[in-house]
Amino acid sequence: MDRLFPSIDRYIFKLVVFPMLGVFALAASLLLLDKMLRLFDFVAVEGGPIAVVFKMLGALIPEYASLAIPLGLLLGILLAFRKLATSSELDVMRAVGLGYNRLLRVPYLITLALMIVNVALVFFIQPLSRYYYEQMEYELRSGALGASIKVGEFTTLADRMALRIEESEEDGRRLIGIFARVANSKGQVLSISAREGAFLATSDDPDTIILRLTDGTIVQDTGTEGTTPRVLSFTRHDLPIDLPTIEEFRARGDAEREYILPELLRIGWSDNQPEAKRDASQASFNFRLVEVVMMLMMPLLAVALAIPPKRSTSALGVFVSIIMVVSYHKVNQYGEDVAALGRVDPIMALWGPFLIFAALIIWMYYRVAYVPGGQAIGALETAFDKLVKRLRKLFKSKRPRGPRSVGDNDLETAPAE
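Residues numbered from 1 in each chain as written. Predicted model: local features only at pLDDT ≥ 70, side-chain atom pairs only at ≥ 80, totals over all residues. Heavy atoms only, no water.

Draft legend 1. Just empty space enclosed by the protein, in detail. One pass over the structure, following the stated rule, counts one cavity of 30 Å³ or more. For the largest cavity, the calculated volume is near 40 Å³. Every residue lining the largest cavity is listed: Leu 78, Arg 82, Leu 305, Ala 306, Ile 307, Pro 308, Ser 314, Ala 315, Gly 317, Val 318 and Glu 381. Elements represented by at least two residues in the lining of the largest cavity include exactly α2 (51-86), α8 (298-306) and α9 (316-340). In terms of residue class, the lining of the largest cavity is made up of seven nonpolar, two polar and two charged. (1 Å grid on protein atoms, 1.4 Å probe; cavity = no way out; pocket = protein on both sides within 12 Å on 5 of 7 lines; lining within 4 Å. Points joined across faces, edges and corners; volume = space filled by probe spheres on them. Helix = DSSP H or I, 4+ residues; strand = E, 2+ residues; numbered from the N terminus. Nonpolar A, V, L, I, M, F, W, Y, C, P; charged D, E, K, R; others polar.)

Listed below in structure tokens is the structure:
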């Protein structure tokens, strides 16, 4: 076991994995919490059940995981090597002949495993989960999830019926304060008010439900001039309601991000598809692929930004790494949009920035690993250190001073009489 996985590798594995899992959980949680607030507002406006919020969030987990995995990998390796550097363990390891390339063996094994997971996410799981999310959103808007009747508002059903409910209790099983107005083609109108009621399903006709009303009044207007409306009181009355026709949700593939890998390859390189469809599919394929391949550069970038200057505990590299990864992701999104419109070749729009970014990372790693005393962001570290010192002086100068103590030297000697 020690030959296959020496103690130094096990030590680095522990240093990398725990921060990586923590960063992944934190990043995914922040993304989900931000989306959760929007979904709660959306579901509340549409009048849908709260449980659907968690189903929609579950459908978004693969999409957010594909973003959180590279970030967690980068910061996990960065924090591990930063700890080794600030505690001088890294100097000891290098003194006994363990170079950066040797120390990166375990991080690269973790990277390869996460790349396989990310390939499954972005090429297979994420397209299907995104389509499921869009389907639930459509059902909420159309009322297929029981969200067509909103409390405190008039709702039109089947064009000839208006319904208003004052309160809803027990998850909609008990309705309080009901008013309904029903009209037919002959001009007859029923105005119904009831103290409470409940919806009941029918086994004979799935397109019709029964609104069972309790303790109410029916005012029947026949629509004939000179006829007095009839008023009836009831203790229980069943009112049949025809459910509105809901169109079926569209087939998967309205957007290229809903295609899995075989579909992207088939559409993007087929002569039978329109040119716009081919461009969009090729752009989506290259965008997903370049995002996965860039994970190979994450260990090198992490090491390049993890080593602070000697006798320094600066964490500037952590912030620079996050800015670089997020900026590169945004550049890729822009490249995908431009390539999907057919303005730029997908290879140029997506793999061009990749080569530039990869060359920058390799140069930064070379500076740290092979140049004695080299720093990847040495100029930034110097500027940041000067800025911190100036801010400290500024805050110290503005700090209010306490009352000055009187010393022996401040007392004047009185002349002897």
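The discussion continues.
Draft legend 2. Fine view of the packing of aromatic side chains. On inspection of all chains with the given rule, the structure shows six aromatic pairs. With a centroid separation of 5.6 Å and an interplanar angle of 90 degrees, the aromatic rings of Trp 269 and Phe 285 are classed as edge-to-face. Placement of the pair is Trp 269 in the loop between α6 (261-268) and α7 (275-293) and Phe 285 in helix α7, with a sequence separation of 16 residues. The class for Phe 285 is buried, based on a relative accessible area of 15%. For the pair Trp 351 and Phe 354, a centre-to-centre distance of 5.3 Å together with 80 degrees between the ring planes defines the contact as edge-to-face. One end of the pair is Trp 351 and the other is Phe 354, both in helix α10 (residues 346-370) and three residues apart, which spans about a single turn. Classification of Phe 354 by relative accessible area gives buried; the value is 10%. Aromatic ring contacts, followed pair by pair, group Phe 123, Trp 269 and Phe 285 into a single cluster. (Phe/Tyr/Trp six-rings, centres within 6.5 Å; stacked < 30°, edge-to-face > 60°. Buried < 20%, exposed > 50% of the residue type's maximum accessible area, 1.4 Å probe, protein only.)

Draft legend 3. The arrangement of the layout of surface pockets in detail. Looking at the largest pocket, its volume works out to about 1200 Å³. Listing elements by their share of the lining of the largest pocket, those giving two or more residues are α1 (7-46), α2, α5 (105-142), α7 and α9. Tallying contributions element by element places α9 first for the lining of the largest pocket, with 10 residues. Among the residues making up the lining of the largest pocket, the classes are represented as 23 nonpolar, six polar and nine charged.

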